[in-house]
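Structural description and commentary
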Amino acid sequence: MAAAPAAAPAVDRTVLRVDGLSVGTRHTGLLHDVSFQICRGERVGLIGESGSGKSLTALAVMGLLPEGLAATGDVRLSARTPATRNLLDLPERDLARLRGDGLSMVFQEPMTALNPTMRVGDQVAEVMLIHRTQPSRGAVRRRVVELLEQVDLPDPAHLARSYPHELSGGQRQRVVLAIALANDPALLICDEPTTALDVTVQATVLDLVVRGVEERDAAMLFITHDLGVVATVCERVLVMYGGRIVEAGPVQDVFGDPRHRYTQGLVAASDLTGAEGRRERAALPTIPGSVPPAGRFPDGCVFRTRCTHADEVCRTQPPWVPRGEHPAGETAYGHACVHPAGGYGDE
Amino acid sequence: MSETPSVELRNVTRDFRRRRTSLTSPAPVVRAVDDVSLTVARGERIGIVGESGSGKSTLLRLICGLDRPTSGEVYVEGRPVHDQPPWRLGWLRATLQLVFQDPMSSLDPRMRVRDIVAEPLVAQGRRSGNRERVVELLERVGLSAEAADRYPHQFSGGQRQRISVARALAPDPDILVADEPVSALDVSVRAQVLNLIDEVVEGFDLTLVFVSHDLSVVRHVCDRVAVMRRGQLVEVAPTEQLFAAPEHPYTRSLLAAVPDLQQALAGRTAEDLAAGVARRER
Ligand SMILES: Nc1ncnc2c1ncn2[C@@H]1O[C@H](COP(=O)(O)OP(=O)(O)OP(=O)(O)O)[C@@H](O)[C@H]1O
Ligand SMILES: Nc1ncnc2c1ncn2[C@@H]1O[C@H](COP(=O)(O)OP(=O)(O)O)[C@@H](O)[C@H]1O
Ligand code: SF4
Ligand SMILES: [Mg+2]
Ligand SMILES: [Mg+2]
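Rules used in this analysis
- Residues numbered from 1 in each chain as written.
- Chains lettered and ligands numbered in written order.
- Predicted model: local features only at pLDDT ≥ 70, side-chain atom pairs only at ≥ 80, totals over all residues.
- Heavy atoms only, no water.
- Helix = DSSP H or I, 4+ residues; strand = E, 2+ residues; numbered from the N terminus.
- Rg over C-alpha atoms; globule rule 2.2 N^0.38 Å.
- Buried < 20%, exposed > 50% of the residue type's maximum accessible area, 1.4 Å probe, protein only.
- Near = heavy atom within 4 Å.
- Polar contact = N/O pair within 3.5 Å; in protein donor to acceptor, adjacent residues only side chain to side chain.
- Areas by Shrake-Rupley, 256 points an atom, 1.4 Å probe, with all protein chains shown as cover.
- Nonpolar A, V, L, I, M, F, W, Y, C, P; charged D, E, K, R; others polar.
- Phe/Tyr/Trp six-rings, centres within 6.5 Å; stacked < 30°, edge-to-face > 60°.
- Contact = heavy atoms within 4.5 Å.
- Buried area = accessible area lost by both parts, 1.4 Å probe.
- Salt bridge = Lys/Arg side-chain N within 4 Å of Asp/Glu carboxyl O.
- Core = buried A, V, L, I, M, F, W, Y, C linked by side-chain atoms within 4.5 Å.
- Pairing = 2+ DSSP bridges.
- Expected span 1.5 Å × (residues − 1).
- Axes fitted to C-alpha atoms, helices over the stretch in contact; angles between N-to-C directions.

**With respect to the overall build of chain A**
Helix and strand content of chain A: 11 helices and 11 strands. Scaling as 2.2 N^0.38, a compact globule of 347 residues should have a C-alpha radius of gyration of about 20 Å, and chain A matches this with 21 Å. Across its three principal axes, chain A shows a C-alpha extent of roughly 65 × 50 × 45 Å. For chain A, buried positions account for 54% of its 347 residues.

**Let's talk about the site of ligand 2**
All names here are of chain A. Lining the immediate environment of ligand 2, one finds 13 residues, of which Gly51, Gly53, Lys54, Ser55 and Leu56 sit closest. Within the backbone of Gly53, an N or O atom sits 3.0 Å from an oxygen atom of ligand 2. Within the side chain of Ser55, a nitrogen or oxygen atom sits 2.8 Å from an oxygen atom of ligand 2. For ligand 2, whose accessible area on its own is 570 Å², the fraction buried by protein is 66%. Of all the elements, helix 1 (residues 54-62) adds the most residues to the shell around ligand 2, at three residues. Each residue belonging to the shell around ligand 2 can be placed in one class, and the counts come to five nonpolar, six polar and two charged.

**Let's talk about the packing of aromatic side chains**
Residue and element names in this part refer to chain A. Evaluation of the coordinates by the stated rule reveals four aromatic pairs over all chains. With a centroid separation of 4.4 Å and 45 degrees between ring planes, the pair formed by Tyr241 and Tyr262 is classed as tilted. Here Tyr241 is found in strand 8 (residues 236-241), whereas its partner Tyr262 is found in helix 11 (residues 261-270), with 21 residues between them in sequence. According to the relative accessible area criterion, Tyr241 is buried, its value standing at 0%. Ring centres of Tyr241 and Phe297 lie 5.3 Å apart, and the angle between their planes is 90 degrees; on these two criteria the pair is classed as edge-to-face.

**Brief notes about the interface of chain B and chain A**
In this assembly, 43 residues from chain B lie in contact with 47 residues from chain A. The largest contributions to the chain B side of the interface with chain A come from Arg219, His220 and Leu265 of chain B, which together make up 16% of the buried area. One can count zero salt bridges joining chain B with chain A. Summed over the shared surface of chain B and chain A, the result is 10 residue pairs in polar contact (both at pLDDT 80 or more). It is helix 6 (residues 187-203) of chain B that contributes the most residues to the side of chain B that touches chain A, nine residues altogether.

**Remarks on the nonpolar core**
Judged by nonpolar contacts, the single largest core of 72 residues is most densely connected at Val175, Leu188, Phe222 and Phe255 of chain A. In terms of residue count, the dominant contributor to this core is helix 8 (residues 199-216) of chain A (nine residues). If we ignore the near neighbours within four places in the chain, the residues touching Phe255 of chain A are Ile47, Leu227, Val230, Ala231, Val237 and Val267 of chain A together with Leu261 and Leu265 of chain B. Formed by 53 residues, the second largest nonpolar core is a distinct cluster that contains Leu284 of chain A together with Leu107, Val182 and Leu185 of chain B.

**Remarks on the site of ligand 1**
Residues and elements named next belong to chain B. In the region of ligand 1, 13 residues are neighbours, and Ser52, Gly53, Lys56, Ser57 and Thr58 sit closest. A distance of 2.7 Å separates an oxygen atom of ligand 1 from a polar atom in the backbone of Gly53. One of the backbone nitrogen or oxygen atoms of Gly55 is found 2.9 Å away from an oxygen atom of ligand 1. Expressed as a share of its isolated accessible area of 640 Å², the protein-covered part of ligand 1 is 63%. Ranked by residues supplied to the shell around ligand 1, first place goes to helix 1 (residues 56-63) with three residues. Along the lines of polarity and charge, the residues of the shell around ligand 1 split into three nonpolar, six polar and four charged.

**Things to note about unusual backbone geometry**
One can expect most non-glycine residues to show negative phi and most peptide bonds to be in trans. A positive phi angle, near 50 degrees, is found at Arg132 of chain A, a position not held by glycine. Of note, Asn11 of chain B is a non-glycine position whose phi angle comes to about 45 degrees, a positive value. Among the structural elements, Asn11 of chain B can be located in strand 1 (residues 7-17). Among the residues examined, Asn11 of chain B registers a relative accessible area of 43% and is labelled partly exposed.

**Some remarks on the sheet that holds strand 4 (residues 71-76) of chain B**
Residues and elements named next belong to chain B. What the four strands build is an open sheet, ordered 2-1-4-5; its pairing is antiparallel. Taken across any chain shown, the strands that pair with only one partner, and hence form the sheet edges, are strand 2 (29-40) and strand 5 (79-80). Two elements, strand 4 and strand 5, share two bridges in a ladder whose sense is antiparallel. By the bridge assignment, Val76 is partnered in strand 5 with Arg79.

**A look at helix 5 (residues 157-169) of chain B**
Residues and elements named next belong to chain B. Under the 1.5 Å per step criterion, the end-to-end length of helix 5 is 19 Å for 13 residues, consistent within 8% with the ideal 18 Å. Of all the 13 residues making up helix 5, 11 are buried; the element is thus mostly covered by neighbouring parts of the structure. Looking at helix 5, one finds that the buried residues are Gly158, Arg160, Gln161, Arg162, Ile163, Ser164, Val165, Ala166, Arg167, Ala168 and Leu169. The secondary structure elements touched by the buried residues of helix 5 are strand 6 (96-99), helix 3 (113-123), helix 4 (130-140), strand 7 (175-179) and helix 6.

**Re the sheet that holds strand 10 (residues 321-322) of chain A**
All names here are of chain A. If you walk across this open sheet you meet the eight strands as 5-6-7-3-8-9-11-10, and the pairing is mixed. Bordering the open sheet on either side are strand 5 (103-106) and strand 10, each of which pairs with just one other strand. In the sheet, strand 5 pairs with strand 6 (residues 187-191) via four bridges, with the strands oriented parallel. Residue Val106 lies in a different strand from strand 6, and its bridge partner there is Cys190. Packed on one face of the sheet, helix 7 (residues 169-181) meets strand 5 and strand 6 and runs near 175 degrees to strand 5. With respect to the sheet, helix 8 is in contact with strand 3 (43-47), strand 6 and strand 7 (219-223), its orientation differing from that of strand 7 by roughly 155 degrees.

**Side note on helix 3 of chain B**
Residue and element names in this part refer to chain B. All buried positions along helix 3 are accounted for by Val113, Arg114, Ile116, Val117, Ala118, Pro120 and Leu121. In this fold, the buried residues of helix 3 make contact with strand 6, helix 4 and helix 5. One or two residues past the end of helix 3 sits Gly125, with phi positive at roughly 85 degrees.

**Digging into the pairing of strand 9 (residues 244-250) of chain A**
All names here are of chain A. Strand 9 sits mainly inside the fold: six of its seven residues count as buried. Here strand 8 runs beside strand 9; their pairing, made up of six bridges, is antiparallel. Within the sheet, the bridge partner assigned to Tyr241 lies in strand 9 and is Arg244. Joining the antiparallel neighbours strand 8 and strand 9 is a turn of two residues, in which Gly242 adopts a positive phi near 60 degrees. As paired elements, strand 9 and strand 11 (residues 334-335) share two bridges and run antiparallel to each other. Looking across to strand 11, one finds that Glu247 is bridged to His335.

Below you can see the structure in the form of structure tokens.
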């Protein structure tokens, strides 16, 4: 079922609008001209190998870039009325007011988000107290139990009294999710939330994430390097390499019929099954070489040092080629490759 | 088939005593490995699969002589491991080598790659020819000779895993034991490292014991898969058979939990994934 692009929406449903975002140190560019939008109720994946710039993208949006990194461009949370100013220009005080409220995030390692010396129920309560999103302390207490129940934790009233170290990795991640969803954010960013979990726990956490954002009609940016996870959770995907978005579009099209050679390589390397139901002794397909360290990506097409289709033309930055209409704009569906896969006569 | 198996486990059990949680009740006992019997033939590639906490790593530690069973017997190449003190297991280090999940914490950050790779040789008292051997090994795993003079942090995750494999191959072992060797890696690097393991197992005629929580990873590398749950082996079957017709419900739930790309594109949702996972207690 190919995603049929809908007609332009009557109301602006855009929640997050990122325009020309660049991030770097004084000497090295790390993200280059990243642009995308996410609409209300939309789940968008951000994929790429380790070192591609996925986490930096998330941190820039959250205003959590580490010391020494600076961002330029335009990032707006337009779900707010009135729409926020450019988040990149917002003072930390105002950003802090947004974080955990309009905008929240789940990280890979739940322990980084939890306070080890505080009962988990109190931590869920805290985010509501800080932002004053419940009318009374009693309401907060009831809401804590409700939230823990929503993320499928057993005996929530009792569990609320536990400390993080008393919980399993999967349970901790559920608590973090409960905190992230407590104030019904307009945008949830998840950075590899299940990478540290094993497959069965991952399955239940993914289900809870999807349910949580669906119930709230929230927008989600979901970061992972696992294509199977993105295809399961998201409807649209952004492919990042060398700090640039090299391809974007509906999951069906990008993974089922990739255009950019990098995406094509990722899709091929993800398939461990080989021929139908049989282990192939033949080698698994891989992408040649490895991700260069920051600042060592080539100019022109960032992927050209690893691309088997690269030629002279690829030495200049390939333009963005829109592949179709999309309600989230032209950056939502297209690619930046001058010798794309998938056309006639390919391979 | 009277050949001595590479690894043989007979009714192996390992209990751990947990710290007491209250003064009145006795210290709880965790049975990490519960009456496991398994024979791995020479040259076989066996996968051990199960969730976190199912006992996979504990089982590996018993096979490697890093821990002793509470009861039962462990034999490697026909020689007992279960009742031997560490200083009597020198022979085991020569025949069986390990690769771990996290190549950063398993490689000493203060040691040069040259010394890391030569470590098993030095441990065996081998002093001469190590330099040449290290270069040969590095090239065998797809690294250049100059890697020898660098430190682990100067390499990517996949390259570090290549260093681990080179170190494991150094004493020319017969058995390679790998605990989640690709779980921390990206998809593309994962494929590269799986290919490398495949290649060295084939090239050096090794027996492979490969632990993973993800059945799809084991599929490419192993001939046979043992599924572990709460310390017990609930199903052991040839890989193709296990994938085509999993018998135990737990095996089915593990299979159902893998977010497979093709199935997702065919419409399988997160809700479907979760529904396939048997409801768990706790
Ligand atoms: N030294 C120990 N002391 C007490 N309990 C232990 C010890 N080692 C392991 N266990 C317990 O034994 C059980 C099996 O642990 P093991 O590490 O073998 O699991 P695993 O299958 O390798 O899990 P993972 O996928 O998380 O690595 C767990 O309940 C664990 O907590
Ligand atoms: N604080 C920092 N200073 C300098 N370089 C950084 C910093 N944080 C990340 N980088 C570099 O930016 C690139 C992208 O990093 P990251 O966003 O973490 O990638 P991903 O999340 O895709 O794995 C990497 O090359 C990384 O080394
Ligand atoms: S633009 Fe050129 S180098 Fe880049 S992916 Fe396409 S073919 Fe390869
Ligand atoms: Mg990251
Ligand atoms: Mg383990």
